[in-house]
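# Geometric and topological summary
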Amino acid sequence: MRPFRFALLMLAATACFAGAAQAQQCPTLTRAFSLDLFPLPNESRYAAGITVNGQPRRFLLDTGGAFTAISMPLVTQMGLKPVNGRIRMYDTLGRSSDLQVTVDLGIGPLNAKAQEIPVNPNVQGVGGLLAGDVMQNYDIDIDFAARKLSYFLTSHCDGKVVYWPTTIIAAVPYHGWTRGNFHMNVPVKIDGHDVTATIDTGATSSTLDADTAHQLFDLTPDSPGAVPLGTMGNDSHKVFGWTFKTLEIGGIKINNPRMRVIPDLVAKGNKDDVSADSHIRMRSAIESMGFTMLIGMDILRKLHLYIASKEGKLYVTPASDLPSDPAPAPATAASVPAAPIAH
(Lines give C-alpha, C1' and ligand atoms only; values in the text may rest on other atoms or scores of the structure.)
Protein backbone atom coordinates (compact mmCIF):
# COMPACT_ATOMS: atom_id res chain seq x y z
CA MET A 1 0.00 0.00 0.00
CA ARG A 2 1.51 3.30 -1.11
CA PRO A 3 1.48 6.45 1.06
CA PHE A 4 -1.08 9.06 0.12
CA ARG A 5 0.12 11.67 -2.37
CA PHE A 6 -2.21 14.63 -2.74
CA ALA A 7 -1.95 17.11 -5.57
CA LEU A 8 -3.36 20.53 -4.76
CA LEU A 9 -6.31 21.65 -6.86
CA MET A 10 -5.76 25.28 -7.78
CA LEU A 11 -7.58 27.71 -5.52
CA ALA A 12 -8.60 31.21 -6.53
CA ALA A 13 -5.51 33.19 -7.39
CA THR A 14 -4.64 35.96 -4.95
CA ALA A 15 -1.63 38.05 -4.17
CA CYS A 16 1.03 36.30 -2.15
CA PHE A 17 1.90 37.33 1.38
CA ALA A 18 5.49 38.42 0.68
CA GLY A 19 5.05 41.91 2.06
CA ALA A 20 3.22 40.71 5.15
CA ALA A 21 5.83 38.02 5.77
CA GLN A 22 8.60 40.61 5.81
CA ALA A 23 6.74 42.57 8.45
CA GLN A 24 6.55 39.62 10.80
CA GLN A 25 9.07 37.39 12.47
CA CYS A 26 7.13 34.36 11.26
CA PRO A 27 4.00 33.81 9.16
CA THR A 28 0.54 34.21 10.62
CA LEU A 29 -1.71 31.23 11.22
CA THR A 30 -3.14 30.11 7.87
CA ARG A 31 -6.06 27.78 7.39
CA ALA A 32 -5.66 25.55 4.32
CA PHE A 33 -9.25 24.28 4.29
CA SER A 34 -12.03 22.92 6.49
CA LEU A 35 -14.29 19.88 6.40
CA ASP A 36 -17.76 19.67 7.87
CA LEU A 37 -18.25 17.24 10.75
CA PHE A 38 -21.51 15.33 11.01
CA PRO A 39 -22.67 13.83 14.33
CA LEU A 40 -23.44 10.14 14.03
CA PRO A 41 -26.97 9.18 15.08
CA ASN A 42 -27.45 8.36 18.76
CA GLU A 43 -23.77 8.63 19.71
CA SER A 44 -20.98 11.08 20.41
CA ARG A 45 -18.70 10.47 17.40
CA TYR A 46 -18.44 12.51 14.22
CA ALA A 47 -17.93 11.77 10.53
CA ALA A 48 -16.08 14.04 8.10
CA GLY A 49 -17.26 14.79 4.59
CA ILE A 50 -14.80 13.65 1.89
CA THR A 51 -15.08 12.20 -1.62
CA VAL A 52 -14.39 8.72 -2.97
CA ASN A 53 -14.07 8.56 -6.76
CA GLY A 54 -15.64 11.99 -6.84
CA GLN A 55 -18.70 10.97 -4.82
CA PRO A 56 -19.37 12.62 -1.43
CA ARG A 57 -19.07 10.22 1.49
CA ARG A 58 -18.79 10.41 5.27
CA PHE A 59 -15.84 8.80 7.02
CA LEU A 60 -15.55 8.44 10.80
CA LEU A 61 -13.05 10.92 12.25
CA ASP A 62 -10.59 8.52 13.90
CA THR A 63 -7.43 10.04 15.39
CA GLY A 64 -6.76 6.65 17.00
CA GLY A 65 -6.70 4.82 13.67
CA ALA A 66 -3.46 3.90 11.94
CA PHE A 67 -4.72 3.90 8.36
CA THR A 68 -7.55 5.57 6.50
CA ALA A 69 -9.79 2.72 5.35
CA ILE A 70 -13.00 2.09 3.42
CA SER A 71 -15.91 0.01 4.68
CA MET A 72 -17.00 -3.20 2.99
CA PRO A 73 -20.60 -1.95 2.49
CA LEU A 74 -19.25 1.04 0.56
CA VAL A 75 -16.95 -1.21 -1.47
CA THR A 76 -19.97 -3.28 -2.46
CA GLN A 77 -22.19 -0.26 -3.11
CA MET A 78 -19.63 1.37 -5.40
CA GLY A 79 -18.81 -1.85 -7.23
CA LEU A 80 -15.14 -1.74 -6.26
CA LYS A 81 -12.93 -4.79 -6.71
CA PRO A 82 -10.95 -5.69 -3.57
CA VAL A 83 -7.60 -7.43 -3.97
CA ASN A 84 -5.15 -8.85 -1.47
CA GLY A 85 -2.66 -6.23 -0.31
CA ARG A 86 0.68 -6.27 1.47
CA ILE A 87 -0.69 -5.12 4.84
CA ARG A 88 -2.85 -7.23 7.11
CA MET A 89 -4.85 -5.21 9.61
CA TYR A 90 -6.11 -6.58 12.93
CA ASP A 91 -8.66 -5.23 15.35
CA THR A 92 -9.01 -6.12 19.00
CA LEU A 93 -11.70 -8.67 18.26
CA GLY A 94 -9.08 -10.84 16.59
CA ARG A 95 -10.56 -10.13 13.15
CA SER A 96 -8.19 -9.34 10.30
CA SER A 97 -8.21 -8.33 6.66
CA ASP A 98 -5.57 -7.78 4.00
CA LEU A 99 -7.98 -6.54 1.34
CA GLN A 100 -7.50 -3.21 -0.37
CA VAL A 101 -9.07 -1.19 -3.19
CA THR A 102 -7.79 1.53 -5.50
CA VAL A 103 -9.75 4.79 -5.42
CA ASP A 104 -9.41 8.53 -5.89
CA LEU A 105 -9.67 10.12 -2.46
CA GLY A 106 -10.59 13.80 -2.06
CA ILE A 107 -10.10 15.73 1.16
CA GLY A 108 -11.18 19.33 0.77
CA PRO A 109 -9.30 20.77 -2.24
CA LEU A 110 -6.73 17.97 -2.13
CA ASN A 111 -7.06 14.93 -4.33
CA ALA A 112 -5.11 11.67 -4.28
CA LYS A 113 -5.45 9.73 -7.50
CA ALA A 114 -5.42 5.93 -7.72
CA GLN A 115 -4.68 5.34 -4.04
CA GLU A 116 -4.54 1.86 -2.55
CA ILE A 117 -6.43 1.96 0.76
CA PRO A 118 -7.34 -0.91 3.09
CA VAL A 119 -10.81 -2.36 3.34
CA ASN A 120 -12.05 -2.52 6.91
CA PRO A 121 -14.80 -5.18 7.01
CA ASN A 122 -15.83 -4.22 10.54
CA VAL A 123 -16.85 -0.60 9.91
CA GLN A 124 -20.60 -0.02 9.88
CA GLY A 125 -22.75 3.08 9.48
CA VAL A 126 -20.11 5.21 7.73
CA GLY A 127 -18.15 4.96 4.49
CA GLY A 128 -14.88 4.31 6.27
CA LEU A 129 -12.31 5.71 8.69
CA LEU A 130 -10.47 9.02 8.28
CA ALA A 131 -7.28 8.35 10.24
CA GLY A 132 -4.07 10.13 11.19
CA ASP A 133 -2.17 9.10 8.08
CA VAL A 134 -3.99 11.81 6.09
CA MET A 135 -3.51 14.52 8.72
CA GLN A 136 0.06 14.39 9.93
CA ASN A 137 1.72 16.82 7.52
CA TYR A 138 -0.61 19.62 8.61
CA ASP A 139 -1.81 21.17 11.84
CA ILE A 140 -5.26 19.84 12.67
CA ASP A 141 -7.98 21.85 14.40
CA ILE A 142 -10.98 19.88 15.71
CA ASP A 143 -13.83 22.14 16.76
CA PHE A 144 -16.68 19.89 17.89
CA ALA A 145 -18.92 22.81 18.88
CA ALA A 146 -18.71 24.33 15.38
CA ARG A 147 -18.60 20.85 13.77
CA LYS A 148 -15.47 21.66 11.78
CA LEU A 149 -12.24 19.77 11.05
CA SER A 150 -9.66 22.25 9.73
CA TYR A 151 -6.25 21.77 8.16
CA PHE A 152 -3.70 24.53 8.89
CA LEU A 153 -0.25 25.19 7.51
CA THR A 154 2.54 24.45 9.98
CA SER A 155 4.60 27.57 9.14
CA HIS A 156 3.44 29.83 11.96
CA CYS A 157 4.79 31.21 15.20
CA ASP A 158 5.11 28.58 17.90
CA GLY A 159 2.33 28.86 20.44
CA LYS A 160 0.23 31.22 18.29
CA VAL A 161 -2.51 28.80 17.34
CA VAL A 162 -5.49 29.32 19.66
CA TYR A 163 -7.51 31.80 17.60
CA TRP A 164 -10.91 31.20 19.23
CA PRO A 165 -12.21 32.96 22.38
CA THR A 166 -11.24 31.10 25.55
CA THR A 167 -9.90 31.80 29.01
CA ILE A 168 -8.24 28.42 29.60
CA ILE A 169 -5.53 26.96 27.38
CA ALA A 170 -3.54 23.79 27.98
CA ALA A 171 -0.53 22.93 25.82
CA VAL A 172 0.78 19.40 26.30
CA PRO A 173 3.57 17.66 24.38
CA TYR A 174 2.69 14.49 22.54
CA HIS A 175 4.61 11.59 21.09
CA GLY A 176 3.53 9.46 18.21
CA TRP A 177 1.35 10.92 15.43
CA THR A 178 4.16 10.02 13.02
CA ARG A 179 4.85 7.29 10.50
CA GLY A 180 5.39 4.08 12.43
CA ASN A 181 3.36 5.32 15.43
CA PHE A 182 0.13 6.89 14.29
CA HIS A 183 -1.34 7.18 17.78
CA MET A 184 -1.21 10.48 19.63
CA ASN A 185 -0.06 9.84 23.20
CA VAL A 186 -0.15 12.61 25.82
CA PRO A 187 0.70 12.85 29.53
CA VAL A 188 -2.34 13.20 31.79
CA LYS A 189 -3.18 12.88 35.47
CA ILE A 190 -5.97 10.69 36.77
CA ASP A 191 -6.76 11.42 40.42
CA GLY A 192 -3.27 12.86 40.78
CA HIS A 193 -1.41 9.92 39.18
CA ASP A 194 0.64 10.40 36.01
CA VAL A 195 -0.34 8.12 33.13
CA THR A 196 -0.07 8.24 29.34
CA ALA A 197 -3.24 8.43 27.29
CA THR A 198 -4.04 8.22 23.62
CA ILE A 199 -6.41 10.72 21.99
CA ASP A 200 -8.98 8.71 20.03
CA THR A 201 -11.93 10.42 18.34
CA GLY A 202 -12.92 7.03 16.93
CA ALA A 203 -13.76 5.65 20.38
CA THR A 204 -17.13 6.30 21.95
CA SER A 205 -15.92 5.83 25.53
CA SER A 206 -12.75 6.30 27.56
CA THR A 207 -10.92 3.29 28.95
CA LEU A 208 -8.24 2.42 31.48
CA ASP A 209 -6.11 -0.69 31.54
CA ALA A 210 -7.12 -3.05 34.36
CA ASP A 211 -3.53 -3.66 35.50
CA THR A 212 -2.97 0.08 35.83
CA ALA A 213 -6.24 0.49 37.71
CA HIS A 214 -5.21 -2.22 40.14
CA GLN A 215 -1.64 -0.97 40.61
CA LEU A 216 -2.50 2.70 41.12
CA PHE A 217 -5.90 2.48 42.80
CA ASP A 218 -6.25 -1.13 43.98
CA LEU A 219 -9.37 -1.43 41.85
CA THR A 220 -10.93 -4.74 40.87
CA PRO A 221 -14.33 -5.68 39.44
CA ASP A 222 -15.41 -6.44 43.00
CA SER A 223 -14.41 -3.07 44.47
CA PRO A 224 -17.27 -1.22 46.16
CA GLY A 225 -18.65 1.26 43.64
CA ALA A 226 -17.52 -0.67 40.56
CA VAL A 227 -20.27 -0.86 37.92
CA PRO A 228 -20.44 -4.20 36.05
CA LEU A 229 -20.22 -3.69 32.27
CA GLY A 230 -20.24 -7.27 31.09
CA THR A 231 -17.40 -9.55 30.15
CA MET A 232 -14.76 -10.04 27.49
CA GLY A 233 -13.83 -13.41 26.04
CA ASN A 234 -15.27 -16.85 26.61
CA ASP A 235 -13.51 -17.00 29.96
CA SER A 236 -15.78 -14.19 31.18
CA HIS A 237 -13.13 -11.64 32.12
CA LYS A 238 -14.99 -8.79 33.75
CA VAL A 239 -15.25 -5.25 32.45
CA PHE A 240 -16.38 -2.59 34.90
CA GLY A 241 -16.98 1.13 35.08
CA TRP A 242 -15.37 3.46 37.58
CA THR A 243 -15.92 7.16 38.17
CA PHE A 244 -12.72 8.96 39.14
CA LYS A 245 -12.52 12.37 40.77
CA THR A 246 -10.51 14.28 38.16
CA LEU A 247 -8.74 13.89 34.84
CA GLU A 248 -6.20 16.60 34.06
CA ILE A 249 -4.87 17.38 30.58
CA GLY A 250 -2.37 20.17 31.14
CA GLY A 251 -4.37 22.93 32.81
CA ILE A 252 -7.73 21.48 31.78
CA LYS A 253 -9.52 19.61 34.55
CA ILE A 254 -12.42 17.25 33.85
CA ASN A 255 -14.43 16.41 36.93
CA ASN A 256 -15.89 12.96 37.58
CA PRO A 257 -14.61 11.21 34.43
CA ARG A 258 -16.01 7.74 34.00
CA MET A 259 -13.71 5.03 32.63
CA ARG A 260 -14.33 1.56 31.33
CA VAL A 261 -11.73 -0.61 33.04
CA ILE A 262 -10.70 -3.36 30.65
CA PRO A 263 -8.94 -6.67 31.38
CA ASP A 264 -5.58 -7.85 30.09
CA LEU A 265 -6.73 -10.59 27.72
CA VAL A 266 -3.89 -10.58 25.23
CA ALA A 267 -1.20 -10.86 27.89
CA LYS A 268 -3.13 -13.77 29.41
CA GLY A 269 -2.91 -15.68 26.16
CA ASN A 270 -6.50 -15.17 25.07
CA LYS A 271 -5.81 -13.09 21.97
CA ASP A 272 -8.04 -15.34 19.85
CA ASP A 273 -10.84 -15.12 22.36
CA VAL A 274 -11.54 -11.41 22.63
CA SER A 275 -15.00 -9.89 22.45
CA ALA A 276 -15.18 -6.14 23.06
CA ASP A 277 -15.61 -2.73 21.51
CA SER A 278 -13.36 -2.42 18.47
CA HIS A 279 -11.57 0.63 19.88
CA ILE A 280 -10.61 -1.00 23.17
CA ARG A 281 -6.86 -1.53 23.24
CA MET A 282 -5.49 -4.71 24.81
CA ARG A 283 -2.34 -4.93 26.90
CA SER A 284 0.08 -5.83 24.11
CA ALA A 285 -1.13 -2.83 22.12
CA ILE A 286 -0.89 -0.63 25.19
CA GLU A 287 2.73 -1.64 25.77
CA SER A 288 3.76 -1.12 22.17
CA MET A 289 2.01 2.26 21.85
CA GLY A 290 3.10 3.55 25.24
CA PHE A 291 -0.25 4.37 26.83
CA THR A 292 -2.41 2.94 29.58
CA MET A 293 -5.51 5.05 28.99
CA LEU A 294 -7.64 5.86 25.98
CA ILE A 295 -9.55 9.15 25.95
CA GLY A 296 -12.65 8.77 23.80
CA MET A 297 -15.45 11.00 22.64
CA ASP A 298 -17.37 10.92 25.92
CA ILE A 299 -14.66 13.35 27.11
CA LEU A 300 -13.23 14.82 23.88
CA ARG A 301 -16.57 16.20 22.67
CA LYS A 302 -16.42 18.67 25.55
CA LEU A 303 -13.09 20.06 24.29
CA HIS A 304 -11.60 22.00 21.39
CA LEU A 305 -8.36 20.45 20.10
CA TYR A 306 -5.53 21.89 18.01
CA ILE A 307 -2.70 19.55 16.98
CA ALA A 308 0.42 21.61 16.25
CA SER A 309 2.47 19.12 14.23
CA LYS A 310 5.72 21.07 13.93
CA GLU A 311 5.69 21.95 17.63
CA GLY A 312 4.73 18.45 18.73
CA LYS A 313 2.07 19.89 21.03
CA LEU A 314 -1.63 19.40 21.56
CA TYR A 315 -3.50 22.57 22.51
CA VAL A 316 -6.69 21.98 24.47
CA THR A 317 -9.43 24.34 25.58
CA PRO A 318 -13.00 23.80 26.72
CA ALA A 319 -15.45 23.60 23.83
CA SER A 320 -17.28 26.87 23.25
CA ASP A 321 -20.49 27.80 21.51
CA LEU A 322 -19.04 31.27 20.90
CA PRO A 323 -18.15 32.03 17.28
CA SER A 324 -14.47 31.43 16.51
CA ASP A 325 -14.29 34.12 13.78
CA PRO A 326 -12.48 36.22 12.79
CA ALA A 327 -10.89 33.15 11.29
CA PRO A 328 -7.21 32.86 10.40
CA ALA A 329 -6.24 33.89 6.90
CA PRO A 330 -7.36 31.41 4.26
CA ALA A 331 -4.76 29.61 2.22
CA THR A 332 -3.97 30.54 -1.36
CA ALA A 333 -2.59 28.52 -4.22
CA ALA A 334 0.77 30.16 -3.54
CA SER A 335 0.80 29.42 0.18
CA VAL A 336 -0.40 25.81 0.32
CA PRO A 337 2.33 23.35 -0.65
CA ALA A 338 1.48 20.68 -3.19
CA ALA A 339 3.15 18.12 -0.98
CA PRO A 340 2.30 14.71 0.44
CA ILE A 341 -0.45 15.00 3.00
CA ALA A 342 0.64 11.80 4.74
CA HIS A 343 3.71 9.74 5.68
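Residues numbered from 1 in each chain as written. Predicted model: local features only at pLDDT ≥ 70, side-chain atom pairs only at ≥ 80, totals over all residues. Heavy atoms only, no water.

### Some points on the overall build of the chain
So the rule is basically this: For helices the rule is a DSSP run of H or I covering at least 4 residues; for strands it is a run of E covering at least 2, with both sets numbered from the N terminus onward. Buried means the residue's accessible area, taken with a 1.4 Å probe over protein chains only, is under 20% of the maximum for its type, while exposed means over 50%, and partly exposed covers the values in between. In what follows, residue pairs with any heavy atoms lying within 4.5 Å of each other are defined as contacts. Accessible areas in this description were obtained via Shrake-Rupley with a 1.4 Å probe; residue shielding takes into account the shown protein chains only.
Counting its secondary structure elements, the chain contains five helices and 25 strands. Burial status across the chain gives 52% buried among its 343 residues. By sequence separation, contacts in the chain at least 24 residues apart represent 66% of the contacts at least 6 residues apart. Counting every atom, the chain has about 15,300 Å² of accessible surface; 51% of that belongs to carbon and sulfur.

### Examining the packing of aromatic side chains
Where we set the bar: Note on aromatic pairs: the rings of Phe, Tyr and Trp (six-membered ring only in Trp) are paired at centre separations within 6.5 Å, and the planes decide the class, stacked below 30 degrees, edge-to-face beyond 60, tilted for the rest. Criterion for a charge above a ring: Arg CZ or Lys NZ at most 6 Å from the ring centre, at most 35 degrees from the ring normal.
Under the criterion given, the structure shown has seven aromatic pairs. Where tyrosine 46 meets phenylalanine 144, the ring centres are 5.5 Å apart and the plane angle is 35°; that geometry is what we call tilted. With tyrosine 46 in strand β3 (residues 46–52) and phenylalanine 144 in the loop between β10 (139–143) and β11 (148–152), this residue pair connects regions lying 98 residues apart in the sequence. Residue tyrosine 46 is classed as buried on the basis of its relative accessible area, which comes to 12%. Classification of phenylalanine 144 as buried rests on a relative accessible area of 2%. Through a chain of ring-to-ring contacts, the aromatic side chains of Phe152, Tyr163, Trp164 and Tyr306 assemble into a single cluster. The ring of phenylalanine 38 has arginine 58 sitting right over it, with the charged end atom 3.6 Å from the ring centre.

### Description of the side chain of glutamate 311
Convention followed: His is not counted here, nor are the chain ends, while Lys and Arg score as positive and Asp and Glu score as negative. The salt bridge definition used is simple: a Lys or Arg side-chain nitrogen within 4 Å of an Asp or Glu carboxyl oxygen. Polar contact is defined as a pair of N or O atoms within 3.5 Å, subject to the rule that within protein one atom must be able to donate a hydrogen and the other to accept it, and that residues adjacent in sequence are counted only when both atoms are side-chain atoms.
Mapped onto the elements of the fold, glutamate 311 is located in the loop between β23 (303–308) and β24 (313–318). Among buried charged residues, glutamate 311 stands out as having no salt bridge; its nearest opposite-charge side chain is lysine 313, 4.8 Å away. From its side chain, glutamate 311 meets the backbone nitrogen of glycine 159 in a polar contact 3.0 Å long. For glutamate 311, the contacting residues outside a window of four places in its chain are His156, Cys157, Asp158, Gly159 and Val161.

### Overview of the pattern of salt bridges
In total, this model carries five salt bridges according to the counting rule given. Of the charged contacts in the structure, one is a salt bridge between aspartate 194 and lysine 189, with a shortest N-O distance of 2.7 Å. Note on aspartate 194: relative accessible area 61%, which makes it exposed. In this structure, the salt-bridge partner of aspartate 222 is lysine 238, at a minimum N-O distance of 3.7 Å. In this pair, aspartate 222 is assigned in the loop between α3 (210–217) and β17 (227–232) and lysine 238 in strand β18 (residues 237–243), connecting sequence segments 16 residues apart.

### Considering the nonpolar core
Put simply, the rule reads: Each nonpolar core is a collection of buried residues, namely Ala, Val, Leu, Ile, Met, Phe, Trp, Tyr and Cys, held together in the definition by side-chain atoms within 4.5 Å.
Within the largest apolar cluster, 68 residues are counted, with the highest numbers of intra-cluster contacts made by Ile70, Leu130, Leu149, Tyr151, Met293, Ile295 and Leu314. Those residues in contact with leucine 149, other than ones at most four positions away along the chain, are Phe33, Ser34, Leu35, Leu37, Ala48, Leu61, Leu130, Ile140, Asp141 and Ile142. Leu29, Trp164, Tyr306 and Tyr315 belong to the second-largest nonpolar core, a separate cluster that totals eight residues.

### Quick look at unusual backbone geometry
In the Ramachandran plot, asparagine 53 falls in the positive-phi region, its phi being about 50° despite a non-glycine side chain. Notably, arginine 147 is not glycine yet its phi reads approximately 60°, a positive angle. By the secondary structure assignment, arginine 147 is in the loop between β10 and β11.

### Looking at α3
Stated formally: Directions are taken from the helix axis to each C-beta atom, and the arc is the one they span.
Among the residues of α3, Ala210, Thr212, Ala213 and Phe217 are the ones counted as buried. Around the axis of α3, the buried residues are gathered within 160° of arc, so they sit on the same side. Taken from the residues just after α3, aspartate 218 is the one with a positive phi, measuring 55°.

### Section: the pairing of strand β14 (residues 181–190)
When a strand is regular, its side chains alternate between the sheet's two faces. Where we set the bar: Whether two strands pair depends on DSSP finding at least two bridges between them.
Where burial is concerned, most of β14 is hidden: eight out of the 10 residues are buried. With three bridges connecting them, strand β13 (residues 175–178) and β14 associate as antiparallel partners. Note that in β14 the partner of threonine 178 across the bridge is asparagine 181. Where β14 lies against strand β15 (residues 193–199), six bridges are found, and the strand directions are antiparallel. Across the sheet, residue isoleucine 190 finds its bridge partner in β15, namely histidine 193. In terms of strand pairing, β14 meets strand β19 (residues 246–249) through two bridges, oriented antiparallel. The partner of lysine 189 across the bridge, within β19, is glutamate 248.

### What about the side chain of aspartate 133?
Take aspartate 133: it is sitting in the loop between β9 (128–131) and β10. Here threonine 68 takes part through its side chain, which lies 2.8 Å from a polar atom of the side chain of aspartate 133.

### Let's talk about the confidence of the model for the chain
Inclusion rule: Per residue, pLDDT measures the predictor's confidence, with a range of 0 to 100.
Summarising the model, the chain shows a mean pLDDT of 81, and 75% of its residues fall at 70 or more. Confidence over residues 266–290 falls short of pLDDT 50; this stretch has 65 contacts with residues more than four positions distant or in other chains. Taken together, the stretch residues 332–343 has pLDDT below 50 and engages in 41 contacts with residues farther than four places along the chain or on a different chain.

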